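The lines below spell out each chain.
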Amino acid sequence: MRTRLLVTILPAALVLAACGSPDDPGPSPSSPPPSPARADGAVLLHRPGGRTSAQNPAFSPDGKSLLFTVFHDGYNEGAAALRTLPFRGDAAREKPRTVLDEHDRAAVNLPGASWHPSAGLTFTSDRAGRDEVWTLEPGSGRKPVRVTEHDGDTGYLEPSFSPDGRWIAFQESKQSQESPEGTGDSGGEGSIWKIRRDGTHRTRLLDGPATRTDNRQPNWSPKGGRLVLQRRERGRDWALYVMNADGTGLRGLTDVPGEHTDPSWSPDGKSVVFSSTAGGLDLPQVFVVPAAGGKPVRVTRDPKSYDGAPSWSPDGKWIAFESHPGDEDRPSTLWRVPAPRR
């Protein structure tokens, strides 16, 4: 099938260029009107129409835009595109613009450190037949650049930039038969790697099969010395861990019961935001925990919604996240909530 490639111009300042009309048609006429705010202070940023699911918000370095993944056929379902959305604290309903949309292919970004001021965007795509790490550098007319190339039955997923843009951390996982390619929803025992942006010096930091653990979603700290990730031992819940950028010094970050996932850093590196069922919650909510360890602080409070994939704004004022009602994998919307004072 023919591939359709749409690349939005990303200038060095990373201010979204006006190139063509916005891509999202908005909610269908039969859809209920979106609720602009919730009782916990969260405000709606973007609700795509129909079955489309908006996921994985990640802030631009200047905080003026959000990068996110759009799954065309529902939550983690079908082909996926990368889009950007202008961000303002007043949550104006701006129209998103397409960065990369290839028919029948999935391009998926990680919440957190997936947008770098000089290196551009990093994401996973199956555009070459299997899940690999790619970048899209700033500049007019640029096309995706392949970073990794490997054989076997694994996918390279969930990439994030080091602060200097020279390295990319990512997870290696086997695709489960039930999960679509590119979603990061993988089976088996995931490992954590890093690689230079030019594709050299690939280094394994955590060996999942050797340790009988599943390791996912590595996010680089703002100063570059640490990575935060989610890790699960067999028969146990997901927990958060922090390690040095060379793979040493692995230590647990969460020690309360619950499923803890989707970690990324505050801009000063002193806290980690994540999604969790801490406290016996039926549905995950957004929490913050000190990077040195301690008691998690709940940020969102909507007992009827799943809240996940959070990212912290560069100015420290906001947390963006994805949300959908109930525990089923329904199409998600994008929201923002004030970050807790620390």
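It should be noted that the structure appears before, not after, this text.
In what follows, the accompanying structure is described. This structure is a prediction, so every number in the text was calculated from the model and none was measured. (Residues numbered from 1 in each chain as written. Predicted model: local features only at pLDDT ≥ 70, side-chain atom pairs only at ≥ 80, totals over all residues. Heavy atoms only, no water.)

Remarks on the overall build of the chain
Here comes step 1: A tally of regular secondary structure across the chain gives one helix and 25 strands.
Here comes step 2: Burial statistics for the chain: of 342 residues in total, 55% are counted as buried.
Here comes step 3: Nonlocal contacts in the chain, meaning residues at least 24 apart in sequence, comprise 47% of its contacts between residues at least 6 apart.
Here comes step 4: A total of about 14600 Å² of accessible surface is found on the chain, and carbon and sulfur atoms cover 48% of it. (Helix = DSSP H or I, 4+ residues; strand = E, 2+ residues; numbered from the N terminus. Buried < 20%, exposed > 50% of the residue type's maximum accessible area, 1.4 Å probe, protein only. Contact = heavy atoms within 4.5 Å. Areas by Shrake-Rupley, 256 points an atom, 1.4 Å probe, with all protein chains shown as cover.)

Some thoughts on a negative patch on the surface
Here comes step 1: A grouping of D73, E77, D282, D327 and D329 is seen on the molecular surface, where their side chains present a negatively charged patch.
Here comes step 2: Residue position: E77 is located in the loop between β3 (65–71) and β4 (80–86).
Here comes step 3: Overall, E77 belongs to the partly exposed group, its relative accessible area being 40%. (Patch = residues over 30% accessible without salt bridge, like charges linked within 9 Å, V, L, I, M, F, W, Y side chains within 5 Å. Salt bridge = Lys/Arg side-chain N within 4 Å of Asp/Glu carboxyl O. Lys, Arg positive; Asp, Glu negative; His and termini not counted. Charge placed at Lys NZ, Arg CZ, Asp CG, Glu CD.)

What to know about the pairing of strand β12 (residues 167–174)
Here comes step 1: Burial analysis of β12 places seven of its eight residues in the buried class, the great majority of the element.
Here comes step 2: In the sheet, strand β11 (residues 154–161) pairs with β12 via six bridges, with the strands oriented antiparallel. Bridge assignment links L157 to a residue of β12, and that residue is Q171.
Here comes step 3: Linking β11 to β12, which pair antiparallel, is a turn of five residues; within it G165 sits at a positive phi near 75°. (Pairing = 2+ DSSP bridges.)

Quick look at the pairing of strand β9 (residues 132–136)
Residues in a regular strand point their side chains to alternate faces of the sheet.
Here comes step 1: The buried count for β9 comes to five of five residues, which makes it a mostly enclosed element.
Here comes step 2: By the alternation rule, side chains of β9 split into E132, W134 and L136 and V133 and T135, which are all buried.
Here comes step 3: Taken together, the five bridges between strand β8 (residues 120–125) and β9 define a ladder with antiparallel strand orientation. Bridge pairing in β9 places F123 opposite W134.
Here comes step 4: The turn linking β8 back onto β9 is made up of six residues, and G129 within it adopts a positive phi angle of 110°.
Here comes step 5: Two elements, β9 and strand β10 (residues 145–146), share two bridges in a ladder whose sense is antiparallel. Within the sheet, the bridge partner assigned to T135 lies in β10 and is V145.

What to know about unusual backbone geometry
Here comes step 1: Positive phi is not limited to glycine here, since R212 has a value of about 55°.
Here comes step 2: Structurally, the position occupied by R212 is in the loop between α1 (208–211) and β15 (213–220).

A closer look at the layout of surface pockets
Here comes step 1: Reported here for the second largest pocket is a volume of approximately 480 Å³.
Here comes step 2: Lining the second largest pocket we find 24 residues, and of these G112, A113, W115, W220 and P222 sit closest to its centre.
Here comes step 3: Only β7 (115–116), β15, β19 (260–265) and β23 (305–312) provide two or more residues apiece to the lining of the second largest pocket.
Here comes step 4: Of the residues in the lining of the second largest pocket, the class split is 13 nonpolar, eleven polar and no charged. (1 Å grid on protein atoms, 1.4 Å probe; cavity = no way out; pocket = protein on both sides within 12 Å on 5 of 7 lines; lining within 4 Å. Points joined across faces, edges and corners; volume = space filled by probe spheres on them. Nonpolar A, V, L, I, M, F, W, Y, C, P; charged D, E, K, R; others polar.)

Concerning the sheet that holds strand β16 (residues 226–233)
Here comes step 1: The four strands are arranged β15-β16-β17-β18 in an open sheet whose pairing can be described as antiparallel. Sheet topology places β15 and β18 (251–252) at the edges, where each strand pairs with a single neighbour.

Some details on the pattern of salt bridges
Here comes step 1: Going through the model one piece at a time under the given rule, you end up with eleven salt bridges.
Here comes step 2: Here R38 makes a salt bridge to D302, at a shortest N to O gap of 3.5 Å. Placement of the pair is R38 in the segment before β1 (43–46) and D302 in the loop between β22 (297–298) and β23, with a sequence separation of 264 residues.
Here comes step 3: The buried category is assigned to D302, whose relative accessible area is 17%.
Here comes step 4: Here D214 makes a salt bridge to R216, at a shortest N to O gap of 3.0 Å. One exposure class covers both D214 and R216, and it is buried.

Let's talk about the sheet that holds strand β5 (residues 97–100)
Here comes step 1: What the four strands build is an open sheet, ordered β2-β3-β4-β5; its pairing is antiparallel. Sheet topology places β2 (53–59) and β5 at the edges, where each strand pairs with a single neighbour. Going across the sheet, the axis of each strand differs from the next one's by a mean of 35°, ignoring polarity. (Axes fitted to C-alpha atoms, helices over the stretch in contact; angles between N-to-C directions.)

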